[in-house]
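# Examining the three-dimensional arrangement
Spelled out, the chains give:
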Amino acid sequence: MTSPDPDGSRGGALVVVGIVLLASNMRPAAVSIGPVLADIVADLRLTGVEAGLLTSLPVLSFALFGALTPRVAQRVGPHRLTVLALVIALAGMVGRSLVGEPWLFLLLSLFALAGMATVNVLMPSLVKRHFPQQIGLLTAVYTTAMATSLTAASAFTVPIAQATGSWRFGIAAWAVFALLAIGPWLALTAHDRPDAAPASGASFRFGQLARTRLAWAMAVFFGMQSLQAYVVFGWFASLFSDAGYSATDAGLLLGVITGIGIPLSFVIPTLSTRSGAQVPLLVALTGCYLVGYVGLLVAPARVGWLWAVLVGIGTCTFPLILTLIGLRATTAAGTAALSGFTQSVGYLISATGPFAIGLLHDLTDGWTVPVLVLIGLLAPLIVSGIIACRSGPIEDELAGATSRAAAD
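Residues numbered from 1 in each chain as written. Predicted model: local features only at pLDDT ≥ 70, side-chain atom pairs only at ≥ 80, totals over all residues. Heavy atoms only, no water.

## Examining the overall build of the protein
From N to C terminus, the protein includes 21 helices and 0 strands. Here the C-alpha atoms of the protein give a radius of gyration of 21 Å, agreeing with the 22 Å that 2.2 N^0.38 yields for 408 residues. With the principal axes as the frame, the protein shows a C-alpha extent of 60 × 45 × 40 Å. Looking at the protein as a whole, 54% of its 408 residues are labelled buried. (Helix = DSSP H or I, 4+ residues; strand = E, 2+ residues; numbered from the N terminus. Rg over C-alpha atoms; globule rule 2.2 N^0.38 Å. Buried < 20%, exposed > 50% of the residue type's maximum accessible area, 1.4 Å probe, protein only.)

Set out below in structure tokens:
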């Protein structure tokens, strides 16, 4: 088991500050684009293909760079890689706000998202490395910070752009989180040291993880919850508008969905550390999705705030699986490997979700079929989630896979 931060309470406090600032960088680079996308398209004269690529970059970046992160972290050290990721994210977020060429804007957006994707994978292993006995509490801290920054970027990008007279300031403003986070993690680079090989001789390579049931259960669980969330964040303002709500009210209802995650992101990881509570918690969260979706089908124009609250609670399957990543490994290296597999494969699974739901909406000229599809996709979410909740550590499964391979 990895020991807590070696510098005692002072070092531990530095890590906590670093984790909060780091978590604040995990969403704004992506979500700040959506509110001002129309302005970006008009100003840079993006084609439909370029605009579509821009909206797909977050998921593609999560998949690609998420898969690479564990191996790079093993070579350069997780703290050094964290600093590098923050520098790259900072350069990308600032740089893209200054350019006028579409291809350069897309490239720098990829830089910004690459840094964010790397941080996404590193975070569970950093928590495991420094606070192995407090995974629930620290996961609660960073998922709450993440939910707060997500809500802030969604709500304030447009006001910042309007106040400054340009969308460029609206998306560049969020680079301040990356700048602030560099300091604590730069101070922590002295703690970088190679991770010990697993005692069983099992490998943490991507291909080895792909042979385990737990890794695939986690990836499907992550992919299904991510698909649901990205569809909700991307399309539900339009759903509420089509149901008769004004543009302002539709935006507020989407704010209810994202905002409900702030308090729940602090509660759910703590509850998730109790093994007996994991499956009931999963069922309750998925049940809120189901009731919220049915409400939107039956009475979309009534008590919209109630359906928004229920759907928002459903999206909190996200802090649940982030906690499980830390709990389903016994070492920091195992956590990093499981995090990389879970998130890279999971985001690939979810990549087509928003596009497919939008296409279904266009083909059926309504939201009934898309919402029914979302209801149907709750089945693989809950099945994979139950498997993940009831599984043992990834190191045990890898050891078993290695033994079977040797026997063959």
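## Section: helix α17 (residues 332–350)
Taking 1.5 Å of rise per residue, the 19 residues of α17 would be expected to cover 27 Å, and the 26 Å separating its terminal C-alpha atoms lies within 8% of that figure. Among the 19 residues of α17, 17 are classified as buried, and the element is accordingly described as predominantly covered. (Expected span 1.5 Å × (residues − 1).)

## Here we look at the side chain of serine 384
Looking at the secondary structure, you find serine 384 in helix α20 (residues 378–390). Residue class for serine 384 comes out buried when judged on its relative accessible area of 5%. Reaching out from serine 384, the side chain makes a polar contact with the backbone oxygen of proline 380 at a distance of 2.7 Å. In this view, serine 384 contacts Ala217, Val220 and Phe221; residues no more than four positions away in its chain are not counted. (Polar contact = N/O pair within 3.5 Å; in protein donor to acceptor, adjacent residues only side chain to side chain. Contact = heavy atoms within 4.5 Å.)

## Structural notes on empty space enclosed by the protein
One pass over the structure, following the stated rule, counts 3 cavities of 30 Å³ or more. Size it by volume and the largest cavity reaches roughly 60 Å³. Considering the residues around the largest cavity, the lining is formed by Asn25, Pro28, Ala29, Leu86, Ala89, Met93, Ala112, Gly115, Met116, Val119 and Trp174. Mapped by element, the contributors of at least two residues to the lining of the largest cavity are α2 (28–31), α5 (78–96) and α6 (102–130). When residues in the lining of the largest cavity are grouped by element, the largest group, 4 residues, is from α6. The class makeup of the residues in the lining of the largest cavity is 9 nonpolar, 2 polar and no charged. (1 Å grid on protein atoms, 1.4 Å probe; cavity = no way out; pocket = protein on both sides within 12 Å on 5 of 7 lines; lining within 4 Å. Points joined across faces, edges and corners; volume = space filled by probe spheres on them. Nonpolar A, V, L, I, M, F, W, Y, C, P; charged D, E, K, R; others polar.)

## Here's the deal with the packing of helix α7 (residues 135–164) against helix α16 (residues 317–327)
The geometry of α7 relative to α16 is characterised by a closest axis approach of 10 Å and an angle of 140° between their N-to-C directions. On the basis of the axis angle, α7 is oblique to α16. Of the two possible hands of crossing, α7 and α16 adopt the one that is right-handed. Of α16, the residues touching α7 (which contributes Ile135, Thr139, Tyr142, Thr143 and Met146) are Phe318, Pro319, Leu322, Thr323, Gly326 and Leu327. (Axes fitted to C-alpha atoms, helices over the stretch in contact; angles between N-to-C directions. Parallel < 35°, antiparallel > 145°, perpendicular 65-115°, else oblique. Left-handed = near helix turned anticlockwise from the far one by under 90°.)

## Brief notes about the pattern of salt bridges
One pass over the structure, following the stated rule, counts 1 salt bridge. Among the ionic pairs, aspartate 43 bridges to arginine 168, the shortest N-O distance being 3.8 Å. With aspartate 43 in helix α3 (residues 37–44) and arginine 168 in helix α8 (residues 167–172), the pair connects residues that are 125 residues apart, well separated along the chain. What makes aspartate 43 partly exposed here is its relative accessible area of 42%. (Salt bridge = Lys/Arg side-chain N within 4 Å of Asp/Glu carboxyl O.)

## A closer look at the packing of helix α4 (residues 48–76) against α5
Orientation of α4 relative to α5, taken along the N-to-C sense of each, is 115°, at an axis distance of 7 Å. Judged by residue contacts, Thr69, Val72, Ala73 and Val76 of α4 engage Pro78, Arg80 and Leu81 from α5. For the contact of α4 with α5, the residue count by class is 5 nonpolar, 1 polar and 1 charged.

## Let's talk about the packing of aromatic side chains
One pass over the structure, following the stated rule, counts 12 aromatic pairs. Ring centres of phenylalanine 222 and tyrosine 347 lie 5.0 Å apart, and the angle between their planes is 80°; on these two criteria the pair is classed as edge-to-face. Within this pair, whereas phenylalanine 222 is found in helix α11 (residues 213–242), its partner tyrosine 347 is found in helix α17, the two being separated by 125 residues in sequence. Judged by its relative accessible area of 0%, phenylalanine 222 is buried. Among the aromatic residues, ring-to-ring pairing joins Phe62, Phe222, Tyr230, Phe318 and Tyr347 into one connected group. (Phe/Tyr/Trp six-rings, centres within 6.5 Å; stacked < 30°, edge-to-face > 60°.)

## Things to note about the side chain of serine 339
Locating serine 339 in the fold gives a position in helix α17. One polar contact links the side chain of serine 339 to the main-chain carbonyl oxygen of valine 121, over a distance of 3.0 Å. Residues in contact with serine 339, not counting those within four places in the same chain, are Asn120, Val121, Pro124 and Ile325.

## Things to note about α6
Three or four residues apart is the spacing at which side chains of an α-helix point the same way, because the helix has 3.6 residues per turn. A rise of 1.5 Å per residue sets the reference length of α6, with its 29 residues, at 42 Å; its end C-alpha atoms lie 41 Å apart and thus fit the reference within 8%. Its axis deflected by about 35° at leucine 122, α6 carries its strongest bend there, up to four residues before the proline proline 124. (Bend = angle between axes of the 7 residues up to and from the residue.)

## A word on the state of the cysteines
Per the counting criterion, the structure on display carries 0 disulfides. Unpaired in terms of disulfides, cysteine 389 finds its nearest cysteine sulfur in cysteine 316, a separation of 15 Å. (Disulfide = S-S within 2.5 Å.)

## Remarks on the nonpolar core
Here is a general trend for soluble globular proteins: nonpolar side chains tend to be buried in one another's company. Ranked by internal contacts, the top residues of the largest apolar core, which has 111 residues, are Ile19, Ile40, Phe105, Tyr142, Phe236, Phe240 and Tyr293. At 13 residues, α11 tops the list of elements feeding residues into this core. Residues contacting phenylalanine 105, with those up to four places away along its chain left out, are Ile33, Ile40, Leu44, Leu54, Arg96, Val99, Trp167 and Ile171. (Core = buried A, V, L, I, M, F, W, Y, C linked by side-chain atoms within 4.5 Å.)

## Details of the environment of tryptophan 167
Tracing the backbone through its elements, the reader meets tryptophan 167 in helix α8. With 52 residues separating them along the chain, tryptophan 167 and glycine 115 place their C-alpha atoms 22 Å apart. Setting aside residues no more than four positions away along its own chain, tryptophan 167 makes contact with Val36, Asp39, Ile40, Asp43, Leu44, Phe105 and Ala161.

Distances and angles like these do not, on their own, reveal function.
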